[in-house]
Protein chains: 2
Amino acid sequence: MFKVLMRRPYTQMQQESASSPAQCSAMIRRDFPVAARLSHHRVLSGVPHVLPRLTSASAFGSSTESLVSRFCVEKTDLKDYVLPNASWFPDMLSMYQEFLEKTKADGWLKLPSFKSNRDHIQGLKIPSGFAVSSGTSSDQGDWRIFIRCIQAEGQGYEYVIFFHPTKKKSVCLFQPGPYLEGSPGCAHGGSLAAMMDETFSKTAYLAGEGLFTLSLNVRFKNFIPVGSLAVLNVDVEKIEDQKIYMSCVTWSRDKQTVYAKSSGVFLQLPLEEDSSP
Amino acid sequence: MFKVLMRRPYTQMQQESASSPAQCSAMIRRDFPVAARLSHHRVLSGVPHVLPRLTSASAFGSSTESLVSRFCVEKTDLKDYVLPNASWFPDMLSMYQEFLEKTKADGWLKLPSFKSNRDHIQGLKIPSGFAVSSGTSSDQGDWRIFIRCIQAEGQGYEYVIFFHPTKKKSVCLFQPGPYLEGSPGCAHGGSLAAMMDETFSKTAYLAGEGLFTLSLNVRFKNFIPVGSLAVLNVDVEKIEDQKIYMSCVTWSRDKQTVYAKSSGVFLQLPLEEDSSP
């Protein structure tokens, strides 16, 4: 029964929504009896600590090269969003071209970006104990990774992430559209925080199988005008104790304005092979 | 010329996008010669420090009561999104009903939520020196506040914020939809960070004219399953030195799971009367 519940698709939850609140809560709690625990210091009473003890010898055998080769595989049946479109202003276009040149000789990689994270991890799955009811691979639900939630060109997130495997650095070119507004004419602080979290996430994964955000800290300095280019520069500062520590400085195109500084800590956890049909 | 540039609408920027990158950057930089500075400690060289020196006697004359009465005015020509719809699961519905009861006798207020922050501040404007080119009030652009970017019911942010003026507390009921996904079946960490930023923002404004996010710090503890209810409990911890300090604990409906803990610091700055046509 538990196993069936674990695989109840979101669409089925919608059909069951006529249940009483207590029933609904109970169903959800049963689905996630070991709620994904992201901190070493929090354990539900009666449930064993789920984070595997890793020695440095056993930790994370996948090299950045193998992670990159798996992540950056070309998927001709999926739309890759990191291609210029009519909504890209000159700053976004020109800096994109600069980095495309760097992918030819300077060791940078342009990361693909599909509509859903599920497309990125085909053949892999979240480790048991952390997985959340997401239905089967043939779930009819329209799942989208958050920063691809707005499909209309130029209205939401226009972004590209470039990654340097050797330097363990990323650069994200981010052009916020009018659906990301906070203060009139400016990108909502939360929209930038989400862009940082996503850039940290992809960087952490490729640099060392960082999988879940433990913490995110943002210090805002200046507004990002809607339609302008913000450049997020991410560095991996250190990897220790099963955590990946990163920093980010977000600049204007001409580097005259610092928009924000931030840091992120991610938990290292390898994805598992998915042998389900 | 500066004044004209300050009022160039985003749609005009789109028409001018054929300009060279240097021209575009120059235009944007001219629009915002005094980029909104949010920190006491950062000043562009050659530009005077724009934060007004406030004595405790002159600081922020608007009481919470007057701010609430202005913010919560009924606008019959605008859609208020904080009404139940078919996508609300039982937990969201039941807790919403609980808090509606509290608005009748316990001093809680349900905050309205329109498609754009511009609708919330009609008749007011961002103080000079912080304003960003947003066009005239008759700008044809489709501006949306970020957490209302997804219009389809149940696919993105379903949320309601209740505020208690005397206790200076807020409770946000947040049900994330499948367009907010991060890890399969879970809300993206960035989507929660944005919900926190927005809840802090409305709380800070009503509690003391807090206007801009200075910092946001999030510690993630457990995943929020898509479709479940997350309850954000925000408290104003202190107001000093022109800053509003707030904390937030995000729980599951049954309070058995802490999803995240966060803190936010906002800059106090009163909106100005907008006498433009």
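Figured I'd write up the structure that's included with this text. No experiment lies behind these values; they were computed from the predicted model shown.

Digging into the pairing of strand β7 (residues 243–252) of chain A
Regular strands place side chains that alternate from one sheet face to the opposite one.
All names here are of chain A.
Phase 1 of the analysis: Bridge count between strand β6 (residues 230–240) and β7: 10 bridges; the pairing is antiparallel. If you follow isoleucine 239 over to β7, its bridge partner there is isoleucine 244.
Phase 2 of the analysis: Following β6, the chain reverses through 2 residues before pairing antiparallel with β7; aspartate 241 in that reversal takes a positive phi of roughly 55 degrees.
Phase 3 of the analysis: In terms of strand pairing, β7 meets strand β8 (residues 258–268) through 9 bridges, oriented antiparallel. Paired with valine 249 across the bridge in β8 is lysine 261.
Phase 4 of the analysis: Counted between consecutive antiparallel strands, the loop separating β7 from β8 contains 5 residues, among which lysine 255 sits at a positive phi close to 60 degrees.

Some thoughts on helix α4 (residues 64–71) of chain A
Residues and elements named next belong to chain A.
Phase 1 of the analysis: Inspection of α4 places Thr64, Leu67, Val68 and Phe71 among the buried residues, and these make up the whole buried set. Projected down its long axis, α4 shows its buried positions confined to an angular sector of 100 degrees, all on one face. In α4, those exposed residues whose orientation departs by more than 90 degrees from the buried face are Glu65 and Ser69.
Phase 2 of the analysis: Each element contacted by the buried residues of α4 is listed here: β1 (109–110), α6 (117–120), β3 (157–164) and α7 (189–208).

Details of the side chain of threonine 213 of chain A
Phase 1 of the analysis: For threonine 213 of chain A, the position within the fold is in strand β5 (residues 210–220).
Phase 2 of the analysis: Within the structure, the side chain of threonine 213 of chain A is placed 2.9 Å from the side chain of aspartate 197 of chain A, a separation counted as a polar contact.

A word on the pattern of salt bridges
Residues and elements named next belong to chain A.
Phase 1 of the analysis: Within the structure shown, the criterion is met by 16 salt bridges over all chains.
Phase 2 of the analysis: For lysine 238, the salt bridge is made with glutamate 240, and the minimal N-O distance between the two is 3.4 Å.
Phase 3 of the analysis: Classification of lysine 238 by relative accessible area gives partly exposed; the value is 37%.
Phase 4 of the analysis: Residue lysine 243 is joined to aspartate 241 by a salt bridge in which the shortest nitrogen-to-oxygen separation is 3.5 Å.
Phase 5 of the analysis: Given the relative accessible area of 15%, lysine 243 is considered buried.

Structural notes on unusual backbone geometry
All names here are of chain A.
Phase 1 of the analysis: Even without being glycine, aspartate 241 reaches a positive phi, approximately 55 degrees.
Phase 2 of the analysis: In this structure, aspartate 241 sits in the loop between β6 and β7.
Phase 3 of the analysis: The exposure class of aspartate 241 is exposed, given its relative accessible area of 53%.

Rules used in this analysis
Residues numbered from 1 in each chain as written. Chains lettered and ligands numbered in written order. Predicted model: local features only at pLDDT ≥ 70, side-chain atom pairs only at ≥ 80, totals over all residues. Heavy atoms only, no water. Pairing = 2+ DSSP bridges. Helix = DSSP H or I, 4+ residues; strand = E, 2+ residues; numbered from the N terminus. Buried < 20%, exposed > 50% of the residue type's maximum accessible area, 1.4 Å probe, protein only. Arc of directions from axis to C-beta. Contact = heavy atoms within 4.5 Å. Polar contact = N/O pair within 3.5 Å; in protein donor to acceptor, adjacent residues only side chain to side chain. Salt bridge = Lys/Arg side-chain N within 4 Å of Asp/Glu carboxyl O.

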